[in-house]
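Descriptive analysis of the structure
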Amino acid sequence: MTDYAEEQKNELEAIESIYPDSFTVLSEDPTSFTITVTSDAGENGETVETTLKFTYVVRYPDEPPLWEIHSQENLEDQDMEEILSLLQQQAEENLGMVMIFTLVTAVQEKLNEIVDEMKNRREEEKRQKEMEAEEAEKVAFQGTVVTIENFLAWKAKFEVEMAELRRKKQKEEEQAGKPKLTGKQLFERDHNLDTSDIQFLEDAGNNVEVDESLFQDIDDLDLDEDDPDFDPLEMGSDED
């Protein structure tokens, strides 16, 4: 007949010697205790930790002990679910034998795996960010791909902006009292000016009035046509 109490007592003594700093007895009837398990430190000094609570049942080790996660640090909910599943699996495989050391060792290895996974996630996130940065740089270097749609949209916007600039410039020129344009500049701005005089005459018909007083009677001009030395070109020079 198996002496369960004796086996449990012997195991407790062994567990206390193996985990002197992390083993704590909570009660003696039923026998209940905790063991704190901490992972090895990662490359940046990060660790994960859990405190497992075990309680012996009367027929332990022929029946598995009770267990729960008493506390934890830096573990996700999924991590804790995996630890509980691992304990269940290990307990079923070790029925009939004292198993606390085996269970704690399995959890220790699992915590180390979790730290490694944390490292891998960080590296993957870093790679992802680097790839996103590279893609953003490529897009910035290559510019926007021109399509018919975005070209027409740009053209329409550009024409509106240019029309507004011309309007503002014309208004500023008017307000600044800019000198009148030359005939050439007016012509360049309005090509209808080259036909404006013709159009005016056509519109007036034969009703063009001439002020004859502006012209001097030819008979009143003092022309020395009988003078053999008369030179019409010298008339202007005499006035000087």
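Numbering of residues begins from 1 in every chain and follows the order in which that chain's sequence is written. Side-chain atom pairs in this predicted model are given and counted only at pLDDT of 80 or more, local residue features only at pLDDT of at least 70, and totals for whole chains, interfaces and linings cover all residues. Each side-chain value is derived from all of the structure's non-hydrogen atoms; neither hydrogens nor water enter the calculation.

Describing the pattern of salt bridges
Rule in force here: The rule for a salt bridge is simple: a side-chain nitrogen of Lys or Arg has to be within 4 Å of a carboxyl oxygen of Asp or Glu. A run of H or I in DSSP counts as a helix once it spans at least four residues, and a run of E counts as a strand once it spans at least two, with each numbered from the N terminus. Think of it in three bands: residues with accessible area under 20% of the maximum for their type are buried, residues over 50% are exposed, and the middle band is partly exposed, with areas taken using a 1.4 Å probe on protein chains only.
Summed over the entire model, instances satisfying the criterion amount to 6 salt bridges. A salt bridge links R122 to E46; its shortest N-O distance comes to 2.7 Å. Within this pair, whereas R122 is found in helix α3 (residues 100-142), its partner E46 is found in the loop between β2 (31-38) and β3 (49-55), the two being separated by 76 residues in sequence. With a relative accessible area of 15%, E46 lands in the buried category. Here K155 ties to E159 by a salt bridge, and the two come within 2.5 Å at their closest N and O atoms. Highlighted residues: K155 and E159, both in helix α4 (residues 148-175), separated by 4 residues, approximately one helical turn. The class for K155 is partly exposed, based on a relative accessible area of 34%.

Topic: the nonpolar core
The criterion, for reference: Here, nonpolar core means buried Ala, Val, Leu, Ile, Met, Phe, Trp, Tyr and Cys residues that are tied together by side-chain atoms lying within 4.5 Å of each other. Any two residues having at least one pair of non-hydrogen atoms within 4.5 Å are treated as being in contact.
Core analysis: the biggest nonpolar cluster contains 28 residues, and F33, I35, F54, I100 and L111 have the highest contact counts within it. Those elements giving two or more residues to this core turn out to be α1 (4-18), β2, β3, β4 (66-73), α2 (77-93) and α3. It is α3 that provides the largest number of residues to this core, a total of 8 residues. Look past the residues within four positions of F33 in its chain and what remains in contact with it is L12, F23, T24, V25, L26, L52, K53, F54, Y56 and I100.

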